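Structural overview
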Amino acid sequence: MSESSRSRMDAVLGVVLLLGMMLALYMAFIEAPREQTMGDLQRIFYFHVPAGITGITAFAINFVASLMFVIRKNRWWDNLALSAAEIGVMFLVMVLVTGPIWAKPAWFVWWTWSPRLTLSLVLCLLYVSYLLIRKYIEDPERKAMVSAVFGIIAFMDAPLVWFSIRWWRDIHPSLTSESGGLAPEMRPAFFTCMAVFQVLMIYLLRRRFYLESLSNELELIEREAGTAR
Amino acid sequence: MIQIRGLSKYFGRFSALRNLDLAVRQGEFIALFGRNGAGKSTLLRLLAGLSRPSSGTIQYSRLAGSPKRLNPRSDIGYLSHLTSLYLDLTAMENLRFYAQLMDIQLDEEDLVQRIGRVGLAGREREPVRNYSRGMQQRLAIARAFLHDPEMLLLDEPFTGLDQSGSDLLKRVLADAHARGKTCIMAIHDAQVGYELADRLVILERGAAAFDTPKSSLSLAEFREQYMKNATDLTDA
Amino acid sequence: MNKIWAIFRKDLLIELRTKDSFNAMLFFGIVVLVIFNFAMESLRSSIHSAVPGVLWVAFAFSGTLGLNRMFAAEKENGCLQGLLMIPADRGVIYLGKTLAATVFMLIVEFIVFVFSLVFFNLTVWAEIPYLALIFFIGTLGFTAVGTLLSAIAVNTRMREVLLPLILFPVILPVLVNAVEATNIVLNTADYHALKLPLTVMTVFTIVFGTISYLLFEHVLED
């Protein structure tokens, strides 16, 4: 893709995103009905849950990119994997921040070791580990390869983590339960937010990826100029 | 025997090797000179398969008079200032361990003999920890030659050796060279390098700045070149 | 196969001679038991329910110490360089190292467990075969991925410090299930319930053992 078409695409995506965000705010705060027991507090749900799902989508992208890197050994995939991991961690942090904000008034506890919240926490830790590994390896080829291996392991670990904590919750029931059903009137708002979060992720991913390829380019130029020596 | 094309290795902004082309013929003895950071070790590590190139290729081709290609895992002996020896094992145990990993059948007698040949006779059953630096390096020589490799990669192999140790290593290398083995040796000492090698290469900032057969110039001429390309400003 | 055995024997021989990691692992495991004993003073009346968790924390911590030591020792004299240049798939190094780590950990676990019987005033007889099975599978799961991650960690700027940071999140499924399984044996004796945690740990071991074996080649560099 040429430089100009790339930036045109980003601009279009940015405008779509801006409109989408305004729509999402409207849907979540005005259009969606007030929940009966929790009241307006429940509206955080429209941001909490999509952030989690979007974060996991980003990790899935990291997984695919890591796998592709191991096969192709092409820097492009490494840049994608890194971008996806950083953005995934960001979304998961949103989940972990909104979780207690929701839990405290609703269930009078800051933290519930509910399976979903626990999974979010563990995923967040896994991908922070991923970023830590990257930080401490200097050789770029090694960094890309090792982190790709870790990315594969981390994502394959997720279902096992999920299964283990679900089962663990079954034997140690907590005070809170996660309601599964969503009232039909709430669905439009939920799905709007979901879609907007995904677009946000894609937009950020593109920007982050672009930044990384710029930094690769800068590295190349500096190398050519020999300024580092 | 080895064809290196456009080989580069970067560490961030720093390039250890840039776009290096080099053809190594079978039976050649190349002495590799250059300042610290000129890319000598990096090149040897890449050739040994210990590290991956950022770009470019290393092609190992067929050995003369043999149907098989040079296999970097089984046909290369690598000797550096790191001895790769386990300090808590004895000389015998070290060599036996590596022989097992390299699929070489050696009985006790063979091992004793090999240890004797590097001047450590009588101390085979002592833990390597008790050895002096020079003795460890001697044992490392025995280790690197364990499988009589087709090609030897030597990274400052004289480190830590005393006079007789150096003489021993020179003898071993000259002998390997005479038997048609290929050697690439990174070295700082211009005289020793000139003495052993038949091709002299100076790396400068990751590229070959100078590459000539030894026969084309005298030691004095080479020294001059060496001062120009391969000495640190602080050395001069 | 011979090479896996050679690497295992070499590690064992060095360990028998120096006892470096063994002593450190054992001492650390016991220290963890003692510390938890004080930390859980308020639970004195129901301390038995905490034993499985305490045990596995002790195992995991001392195991991390052992794994770290194992690859740090290879780095010491450039030994890893020597290993990397052998004419064999590097997966062989993984298997040899995993075998060594598993055996060391199991020995330490056995001794730490005996200490815990004394400290927490437990008596076990009929439970021993079940516990042995749980310890074995749990440890294998731990070392299967631990060996790979330890090879990654020692080759970073942070060296050994990095291992627990990257290992514990990954190993969580094993720890959760191992603690639960140990709890079933020690506190409920409902042996039918063991099937699930043992299955999860086995799946973990097989999946990550295979991945690690296949990818070890790529992470190992001197």
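Before any of the text, the structure's been laid out above.
Residues numbered from 1 in each chain as written. Chains lettered and ligands numbered in written order. Predicted model: local features only at pLDDT ≥ 70, side-chain atom pairs only at ≥ 80, totals over all residues. Heavy atoms only, no water.

**Re the overall build of chain B**
- In terms of regular secondary structure, chain B is built from seven helices and nine strands.
- Taken over C-alpha atoms, the radius of gyration comes to 18 Å for chain B, in line with the 18 Å a tight globule of 236 residues would show.
- For the C-alpha atoms alone, the extent of chain B along its principal axes is close to 45 × 40 × 40 Å.
- In chain B, which comprises 236 residues, the share counted as buried stands at 55%.
- A separation of at least 24 residues holds for 68% of the contacts in chain B among residues at least 6 apart in sequence.
- Just so you have it, chain B exposes about 9,800 Å², and 48% of that area is on carbon and sulfur atoms. (Helix = DSSP H or I, 4+ residues; strand = E, 2+ residues; numbered from the N terminus. Rg over C-alpha atoms; globule rule 2.2 N^0.38 Å. Buried < 20%, exposed > 50% of the residue type's maximum accessible area, 1.4 Å probe, protein only. Contact = heavy atoms within 4.5 Å. Areas by Shrake-Rupley, 256 points an atom, 1.4 Å probe, with all protein chains shown as cover.)

**Details of the environment of C:Gly78**
- Positionally, C:Gly78 belongs in the loop between helix H3 (51-76) and helix H4 (79-84).
- Residues C:Gly78 and C:Val108, 30 residues apart in the sequence, show an inter-C-alpha distance of 28 Å.

**Looking at the nonpolar core**
- If you look at the biggest cluster of nonpolar residues, it comprises 227 residues, and the most contacted ones within it are A:Tyr46, B:Ile2, B:Leu43, B:Leu139, B:Leu173 and B:Phe222.
- Here B:Leu173 is in contact with B:Phe29, B:Phe145, B:Leu152, B:Leu154, B:Phe158, B:Met185 and B:Leu196, once residues within four sequence places are set aside. (Core = buried A, V, L, I, M, F, W, Y, C linked by side-chain atoms within 4.5 Å.)

**Description of the pattern of salt bridges**
- Within the structure shown, the criterion is met by 35 salt bridges over all chains.
- Across the salt bridge formed by A:Asp139 and B:Lys9, the nearest N and O atoms sit 3.0 Å from each other. Placement of A:Asp139 in the loop between helix H4 (115-135) and helix H5 (140-171) and of B:Lys9 in strand E1 (residues 2-11) is noted, with the two residues assigned to different chains. The same class applies to A:Asp139 and to B:Lys9, which are both buried.
- Residues participating in the shared-partner salt-bridge network are B:Asp148, B:Glu150, B:Asp175, B:Arg179 and B:Lys181. (Salt bridge = Lys/Arg side-chain N within 4 Å of Asp/Glu carboxyl O.)

**Digging into the interface of chain B and chain C**
- Taken together, the contacts link 30 residues of chain B with 27 residues of chain C.
- A buried area of about 2,600 Å², summed over both sides, lies between chain B and chain C, and 54% of it is on carbon and sulfur atoms.
- Among the residues of chain B in contact with chain C, B:Arg73, B:Tyr86 and B:Leu101 are the three that bury the most area, contributing 28% of the side total.
- At the junction of chain B and chain C, the tally comes to three salt bridges.
- Viewed at the interface, chain C and chain B are joined by 14 residue pairs in polar contact (both at pLDDT 80 or more).
- Residues that form the side of chain B that touches chain C fall into these classes: 14 nonpolar, nine polar and seven charged. (Buried area = accessible area lost by both parts, 1.4 Å probe. Polar contact = N/O pair within 3.5 Å; in protein donor to acceptor, adjacent residues only side chain to side chain. Nonpolar A, V, L, I, M, F, W, Y, C, P; charged D, E, K, R; others polar.)

**Side note on the interface of chain A and chain B**
- With 10 residues of chain A at the contact, the number on the chain B side is 14 residues.
- Remark: the boundary between chain A and chain B carries two salt bridges.
- At the surface where chain A touches chain B, the tally comes to three residue pairs in polar contact (both at pLDDT 80 or more).
- For the side of chain A that touches chain B, the secondary structure elements donating two or more residues are H5 and helix H6 (187-225) of chain A.
- At four residues, the largest contribution of residues to the side of chain A that touches chain B is made by H6(A).
- Residue composition of the side of chain A that touches chain B, by class: three nonpolar, no polar and seven charged.

In short, geometric facts, not functional conclusions.
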